[in-house]
Amino acid sequence: MRNLENHPGIKVGGQNINNLRYADDTGLIAENKEDLQKLLNIVEEESRKKGLELNSKKTEVMVISRKQESPKCDICSSIK
């Protein structure tokens, strides 16, 4: 997760936040789907290096937007 430190997220109190972790759960946060895809790719790659895998059946995507119509978010995983 340290490899995510310099990647974009959202600004909260002047700090860049791109992930929230609790126990074995992680939430990735980005302003757009391209940045979110980059974060997911990094997490997958680093997890594999440690012998871990993401569970695609438990993976969810949530879009929070002020727009009246929520944008589509089609994040792809290389999870097999």
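Cut-offs used in this document
Residues numbered from 1 in each chain as written. Predicted model: local features only at pLDDT ≥ 70, side-chain atom pairs only at ≥ 80, totals over all residues. Heavy atoms only, no water. Pairing = 2+ DSSP bridges. Helix = DSSP H or I, 4+ residues; strand = E, 2+ residues; numbered from the N terminus. Salt bridge = Lys/Arg side-chain N within 4 Å of Asp/Glu carboxyl O. Buried < 20%, exposed > 50% of the residue type's maximum accessible area, 1.4 Å probe, protein only. Expected span 1.5 Å × (residues − 1). Contact = heavy atoms within 4.5 Å. Polar contact = N/O pair within 3.5 Å; in protein donor to acceptor, adjacent residues only side chain to side chain.

- An unreviewed UniProt entry annotates the protein chain as Reverse transcriptase domain-containing protein originating from Plakobranchus ocellatus.

**Focus: the pairing of strand 3 (residues 19-22)**
Here is step 1: Pairing geometry for strand 3 and strand 4 (residues 25-28), over 4 bridges, is antiparallel. Following the sheet pairing, Tyr22 is matched in strand 4 by Asp25.
Here is step 2: Between strand 3 and strand 4, which pair antiparallel and follow one another directly, the connecting turn spans 2 residues, one of which, Ala23, has a positive phi of 55°.

**Focus: the pattern of salt bridges**
A pair can form between side chains of opposite charge whenever their charged atoms are brought close.
Here is step 1: One pass over the full model with this rule turns up 2 salt bridges.
Here is step 2: A salt bridge links Glu45 to Lys49; its shortest N-O distance comes to 3.7 Å. Of this pair, Glu45 and Lys49 both sit in helix 1 (residues 33-49), 4 residues apart, which is roughly one turn of the helix.
Here is step 3: Looking at Glu45, the relative accessible area reads 45%, which means it is partly exposed.
Here is step 4: For Lys49, the salt bridge identified is with Glu46, shortest N-O distance 3.2 Å. Note that Lys49 and Glu46 are positioned in helix 1 at a spacing of 3 residues, about one turn of the helix.

**Section: helix 1**
Here is step 1: The terminal C-alpha atoms of helix 1 lie 24 Å apart, and with 17 residues this matches the ideal 24 Å at 1.5 Å per residue to within 8%.
Here is step 2: Taken together, the buried positions of helix 1 are occupied by Asp35, Leu36, Gln37, Leu39, Leu40, Ile42, Val43, Glu44 and Ser47.
Here is step 3: The elements touched by buried residues of helix 1 are strand 4.
Here is step 4: With a side-chain oxygen lying 3.2 Å from the backbone nitrogen of Glu34, the N-terminal cap of helix 1 falls on Asn32.
Here is step 5: Two residues or fewer after helix 1 comes Gly51, characterised by a positive phi angle close to 80°.

**Digging into the side chain of Asn18**
Here is step 1: For Asn18, the location among the structural elements is in the loop between strand 2 (15-17) and strand 3.
Here is step 2: Of the residues examined, Asn18 reaches a relative accessible area of 5% and is grouped as buried.
Here is step 3: Polar contacts involving the side chain of Asn18 include one to the main-chain carbonyl oxygen of His7, which spans 3.0 Å.
Here is step 4: Those residues within four positions of Asn18 in sequence are excluded, and the remaining contacts are Leu4, Glu5, His7, Pro8, Gly9, Gly27, Leu28, Ile29 and Leu39.

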